[in-house]
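Chain by chain, the residues run as shown.
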Amino acid sequence: MPPSFSERSSVALTSRPQWLALQAHAEKIVPLHLRELFERDPARGERLHVTAAGLYLDYAKQRVTGETLRLLLELADACGLRARIEAMFRGELVNVTEQRAVLHTALRATAGEHILVNGRDVVADVHAVLERMAAFCELVRSGVWTGYSGKRIRNVINIGIGGSDLGPVMAFDALRHYSRRDMSFRFVSNVDGTDFIEAVRDLDPTETLFVVCSKTFTTQETLADAHAARAWCLHAMDNDETALARHFVAVSTNEAEVVSFGIDAGNMFGIWDWVGGRYSMDSAIGLSTMLAIGPEHFRAMLAGFHDMDIHFRVAPFEKNLPVLHGLLALWNNNFLGAATLAVLPYEQYLKHFPAYLQQLAMESNGKHVTVDGARVDYPTGPVFWGAPGTNGQHSFYQLLHQGTHLIPCDFIGFCQPLNRLGGQHDVLMANLFAQGEALAFGKTAEEAKIDGIPAALVPHRTFEGNRPSNTILAERLTPHALGTLVALYEHSVFVQGVIWNIDSFDQWGVELGKSLAMSTEADLASTSEPLLAHDSSTNALIRHYRQRREPRT
Ligand code: G6Q
């Protein structure tokens, strides 16, 4: 019997024998160099990889041995990972602090599967929304859906922030190759008016459709931008409120607020409270993605997610891509002391992927208490960051190679380019492989001397190496491949959260941000000098700003 939730959480992670065994084992691994690990085991590179759902993960350049992997898998078992995976897939209240099911996997379940939440089959609901989305997208893409003046829609602007923005932005860019090139797609998220103004400055309102994405429909930034969009449209449409129905659709759980904003309930696409914002790009929050790439490609993306879901749920842990990926990240973080993780896609279309993962990983696992409210005594979620290669090579890779921090890297590449330009794809991939190799093996002082480096420069031209990395390869950046890649990281984040015994699905720090600005905004807006009750620094900043700001128009 797997341990129950309460039994599992009653054992402190750092007192578990499996944790202690890993700590003792780490002392043996830390002095070992990857050079030595490869010398001892020439077939290491062929053995330490796993394939699933079209992805190939090479983890031979991680600082692990067979023993490390065995101990990590034992830790996963002891923490009840298998039972937690099942609990999530079955719709149990895995998000304990919000008492919610966590069912992004239901968003890509195939028609005919049944997942019940409070006795209701959510898969049927998901497919009903997907069909409405597809029908709407066909109307817009074919030009049957026209704007107020009868012109077809040429521009789509997604208004949303956080999970209602980062997924759509990332997915649009990742799949731009498959998108309608005779339409423009833009994304407005910031309450900074510049974001909206720049997005619409060359557009005709009568050809523009706004997709207002907000799970709660109470988010300050999104509502401010949506109101700006409304005013921009009305100005061009003789203040005819009925025109708005042709130019605004919403994605939300909150029909009452959508209607009170002025969007027709018939123009609303539903989501559910069991979908976290950062896990929602494959729900109706992805409406702009579907408008861009069409329903068929969107379904292919969902199939990619689903293939990885199935693999995660059924594959033995030693061959389970998200489990291994998560455990290796945990090993680097908790036992080798790596506080960050760099994600380096060698694919220009994935330029927003690091930012997307930043939210997915850091909002999920940036927690300092366990599900029981106890302060953890081990590091949790690492800082995620990164940029596409090869660009990053000409800037921050210096620190990866020769800095004092250990920064594990995930290199991501594709065997076939979407845009062939002479031999440039080989150049791109050569760089990817060479970077992983250099980080792992470095260059010794002896090698530098043999290369004729002057003695005084040898310390500067020496590379310690022993810097771990994963390499993730897929055939081609298709909608399916994107789905598998995102699901891999979703589940890897989950694996780590289970072991750390934290709630990966709440976001109280983000909620704090949503309320903090409210009272301060009143202080800024006040027409008479307000009585300020902040700390003395904040009070002084507010006074400084009030004296210099331009009057509101
Ligand atoms: C995601 C977060 C957060 C959220 C935004 C937008 O997991 O909860 O990023 O997506 O704050 O919230 P709304 O969709 O409710 O506007």
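Residues numbered from 1 in each chain as written. Predicted model: local features only at pLDDT ≥ 70, side-chain atom pairs only at ≥ 80, totals over all residues. Heavy atoms only, no water.

*Asks:* Tell me what's going on with the pairing of strand 5 (residues 155–159), and back it up with residues and numbers.
*Replies:* With five of five residues buried, strand 5 lies mostly within the body of the structure. The pairing of strand 5 with strand 6 (residues 184–188) spans five bridges and is classified as parallel. In the strand pairing of strand 6, V156 is matched with F185. A crossover links strand 5 with its parallel partner strand 6, the connecting element being helix 8 (residues 166–174), and its sense is right-handed. Here five bridges tie strand 5 to strand 7 (residues 208–213), and the two strands are oriented parallel to one another. Paired with I157 across the strands is F210, a residue of strand 7. (Buried < 20%, exposed > 50% of the residue type's maximum accessible area, 1.4 Å probe, protein only. Helix = DSSP H or I, 4+ residues; strand = E, 2+ residues; numbered from the N terminus. Pairing = 2+ DSSP bridges. Right-handed = clockwise from strand over helix to strand, strands pointing away.)

*Asks:* Tell me about the sheet that holds strand 5, and name the residues and values.
*Replies:* One open sheet holds the five strands; their spatial order is 6-5-7-8-9, and the pairing between them is parallel. For this open sheet the edge positions go to strand 6 and strand 9 (268–270), each flanked by a neighbour on one side alone. Ignoring which end each strand starts from, the neighbouring axes of this sheet average 20 degrees apart. The pairing of strand 8 (residues 248–252) with strand 9 spans three bridges and is parallel. Paired with S252 across the two strands is G270, which belongs to strand 9. Packing of helix 7 (residues 122–142) onto the sheet brings it into contact with strand 7, strand 8 and strand 9, and relative to strand 9 it is tilted by some 150 degrees. (Axes fitted to C-alpha atoms, helices over the stretch in contact; angles between N-to-C directions. Contact = heavy atoms within 4.5 Å.)

*Asks:* Could you give an account of helix 21 (residues 536–548), with specific residues and numbers?
*Replies:* Residue pairs spaced three or four apart in an α-helix point in one direction, given the helix's 3.6 residues per turn. In this model, helix 21 (13 residues) spans 19 Å end to end at C-alpha, consistent with the 18 Å of a helix rising 1.5 Å per residue. Burial in helix 21 covers these residues: N539, I542 and R546. The arc that holds every buried residue of helix 21, seen down its axis, measures 65 degrees, which confines them to one face. Of the exposed residues in helix 21, those oriented more than 90 degrees away from the buried face are S536, L541, Q547 and R548. Among the residues of helix 21, the N-terminal cap falls to D535, whose side-chain oxygen and the backbone nitrogen of S537 are separated by 3.0 Å. (Expected span 1.5 Å × (residues − 1). Arc of directions from axis to C-beta. Polar contact = N/O pair within 3.5 Å; in protein donor to acceptor, adjacent residues only side chain to side chain.)

*Asks:* Describe unusual backbone geometry, naming the residues involved and giving the relevant values.
*Replies:* Going from G389 to T390, the amide bond is cis rather than trans, its omega being 15 degrees. Here T390 lies in the loop between strand 11 (383–385) and helix 16 (397–402). The backbone of N239 shows a phi angle near 55 degrees, a positive value even though the residue is not glycine. Judged by relative accessible area, which is 58%, N239 ranks as exposed.

*Asks:* So, the pattern of salt bridges: which residues are in play, and what are the values?
*Replies:* Two side chains of opposite charge can pair, provided their charged atoms sit close to one another. Throughout the structure, instances matching the rule amount to 26 salt bridges. Residue R100 pairs with E98 through a salt bridge whose shortest N-O separation is 3.9 Å. Classification of R100 by relative accessible area gives partly exposed; the value is 26%. Given the relative accessible area of 19%, E98 is considered buried. Connected through shared salt-bridge partners, E86, R90, E92 and R313 make up one network. (Salt bridge = Lys/Arg side-chain N within 4 Å of Asp/Glu carboxyl O.)

*Asks:* Would you mind going over the nonpolar core in detail, with residue names and values included?
*Replies:* Grouped together as the largest cluster of nonpolar side chains are 132 residues, with contacts concentrated most on L209, W274, L287, L291, F353, L482 and Y489. If one sorts the elements of this core by residue count, helix 19 (residues 479–500) sits on top with 12 residues. The next biggest cluster of nonpolar side chains, apart from the first, holds 24 residues, and it includes V188, L203, F210 and A229. (Core = buried A, V, L, I, M, F, W, Y, C linked by side-chain atoms within 4.5 Å.)

*Asks:* Talk me through the packing of helix 14 (residues 321–335) against helix 19; I want residue IDs and the actual numbers.
*Replies:* As a packed pair, helix 14 and helix 19 sit with axes 8 Å apart at the nearest point and diverge in direction by 55 degrees. The angle between the axes of helix 14 and helix 19 places the two elements in the oblique class. Of the two elements, helix 14 crosses helix 19, and the hand of that crossing is right-handed. Taken together, the residues of helix 19 that come into contact with helix 14 (itself represented by L321, P322, V323, H325, G326, L327, A329, L330, N333 and N334) are L488, Y489, H491, S492, V495, Q496, I499 and W500. When its residues are assigned to classes, the contact of helix 14 with helix 19 shows 11 nonpolar, seven polar and no charged. (Parallel < 35°, antiparallel > 145°, perpendicular 65-115°, else oblique. Left-handed = near helix turned anticlockwise from the far one by under 90°. Nonpolar A, V, L, I, M, F, W, Y, C, P; charged D, E, K, R; others polar.)

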